[in-house]
Amino acid sequence: MKHFLTTLIITATLTFAITTQATPLSQLDITPQKILFGSCSHQDKDMPILKAINNENADLFVFLGDNIYGDTENMQEMADKYQRLGNNTDIKTLRLATPTIAIWDDHDFGENDAGAEYAQKEQSRKLMLDFWQEPKDSPRYTQKHGIYTAYMTGKSDNSVHVILPDLRWNRDTLTTVGKYDYQTKRKVKNMGPYSPNLAKNASMLGETQWQWLETELQKPSKIKIIASSLQLLPEFTGWESWANFPHDRERLFALIKKHQVNGVIIISGDTHWGEMSKVTTDLDYPLWEVTSSGLTEEWKEVSPNIHRVGNFISKVNYGELLIDWQQIDPKITLSLKEVDGKVFNRQVISLSSISPYDKG
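Since the structure is predicted, the reported quantities are computational estimates derived from the model, not experimental observations.

Draft legend 1. View of the pairing of strand β4 (residues 60-63). Residues of β4 alternate between two faces, with Leu 60 and Val 62 on one and Phe 61 and Phe 63 on the opposite face, all of them buried. Where the polypeptide runs from strand β3 (residues 34-38) across helix α1 (residues 49-54) and back to β4, its parallel neighbour, the crossover connection is right-handed. Two strands pair when backbone bridges link them, and β4 and strand β5 (residues 100-102) are joined in this way by 3 bridges, in the parallel orientation. Residue pairing across strands places Val 62 opposite Ile 101, the latter belonging to β5.

Right under this line is the structure:
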């Protein structure tokens, strides 16, 4: 019989209680067949979508950021918000039944659209990792350039590598258009105030993290899931995305080609709408992205996306990645699902279609 284990965590003068012991990550040794994901879960709002998620019996759930809406430099306030999320009955159920892993975005990092300049990131890091029950000896607590991490699951013939970059800790300054241009040119097109930062060394990741990511990309696996807190494939939304740092985006594409990395799929959050994107330019195979946002948050003024496949969903949603390992050529099903678990958008691809490189 499952039970709740109460643990008291103390951060300086800050306290919050972990009221549910999460399913250990060691259970990721199983062959992953169903991976769910989502983002943007406001701790003070109802989350009826979690009932459908809990009915899925997934092998893994990935929280893609904005897992709380902290938006503060007051760390006790941040801790209290994590406490309120943790007290949600359906969050407790999810964490008991399903292994969960997480990366942050701006609101749980600390402030809206914040980057390297955020003053409380060290304290915020500890609160975040404590809440998600990161092992105390994890390098995520101490590494100098963020909380990025990766998990390898399954056996060699059906291995899935989940890579979670940190797009906040080192992120350089955002470039903005003027107020007049935003009001007259951007807002009317449902676009945000940001433009690409074209400085040669401008980056979200920073060089140390890039070296780590390049190493991770070279590790053998059948499928590589890049779990990005921000959209990677869409271009020029004007909101936060990889498109604001085009050298980062181009560098990732170049590394996939350079190291002949098979099986890359992207999952992302942040937007408060859900959609699927596909890019083939400058790549040797189609790169797919499923954006799932949010678990509580909605945004009706959806930005244009020339890479969108199918329609967008501007209601709460979650993402699903199914892998049928029983097929000679494994089938991968990408879905966006509504509050009741009904499929809104679904794309089916074969593993061979995203694995053109002969690895011997």
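More follows now that the structure is in view.
Draft legend 2. Spatial organisation of the pattern of salt bridges. Enumeration according to the criterion identifies 22 salt bridges in this entry. Asp 105 is the salt-bridge partner of Arg 168, the closest N and O atoms lying 2.9 Å from each other. Remark: Asp 105 occurs in the loop between β5 and α4 (106-109) and Arg 168 occurs in the loop between β7 (160-164) and β8 (175-176); sequence separation between them is 63 residues. On the basis of relative accessible area, Asp 105 is assigned to the buried category, the value being 0%. What emerges from the salt-bridge pattern is a single network uniting Lys 34, Glu 56, Glu 320, Lys 337 and Arg 346.

Draft legend 3. Highlighting the environment of Leu 233. Relative to the helices and strands, Leu 233 resides in the loop between β10 (223-228) and α8 (246-258). Not counting the four nearest positions on each side in its chain, Leu 233 is found in contact with Arg 249, Phe 253, Ile 266, Ser 277, Lys 278, Val 279, Leu 287, Trp 288, Glu 289 and His 307.

Draft legend 4. Region of interest: the packing of aromatic side chains. Scanning the entire structure with this criterion turns up 10 aromatic pairs. Arranged with centres 4.7 Å apart and planes meeting at 40 degrees, the rings of Phe 63 and Trp 132 form a pair that is tilted. Pair noted here: Phe 63 is in strand β4 and Trp 132 is in the loop between α5 (121-131) and β6 (149-153), with a separation of 69 residues, a long-range link. For the pair Phe 63 and Trp 132, one class covers both residues: buried. Here Trp 104 and Phe 109 contribute two aromatic rings whose centre-to-centre distance is 4.9 Å and whose plane-to-plane angle is 75 degrees, an arrangement assigned as edge-to-face. Classification of Trp 104 by relative accessible area gives buried; the value is 0%. When its relative accessible area of 0% is taken as the criterion, Phe 109 is described as buried. What links up through ring pairs into an aromatic cluster is the set Phe 61, Phe 63, Tyr 82, Phe 131 and Trp 132.

Draft legend 5. Expanded view of the nonpolar core. Judged by nonpolar contacts, the single largest core of 93 residues is most densely connected at Ile 53, Val 62, Ile 223, Trp 242, Leu 252, Leu 321 and Ile 332. The element contributing the most residues to this core is helix α2 (residues 75-86), with 5 residues. Once residues lying within four places of it in the same chain are set aside, the contact partners of Ile 53 are Leu 36, Phe 61, Leu 94, Leu 295 and Tyr 318.

Cut-off values and rules
- Residues numbered from 1 in each chain as written.
- Predicted model: local features only at pLDDT ≥ 70, side-chain atom pairs only at ≥ 80, totals over all residues.
- Heavy atoms only, no water.
- Buried < 20%, exposed > 50% of the residue type's maximum accessible area, 1.4 Å probe, protein only.
- Helix = DSSP H or I, 4+ residues; strand = E, 2+ residues; numbered from the N terminus.
- Right-handed = clockwise from strand over helix to strand, strands pointing away.
- Pairing = 2+ DSSP bridges.
- Salt bridge = Lys/Arg side-chain N within 4 Å of Asp/Glu carboxyl O.
- Contact = heavy atoms within 4.5 Å.
- Phe/Tyr/Trp six-rings, centres within 6.5 Å; stacked < 30°, edge-to-face > 60°.
- Core = buried A, V, L, I, M, F, W, Y, C linked by side-chain atoms within 4.5 Å.

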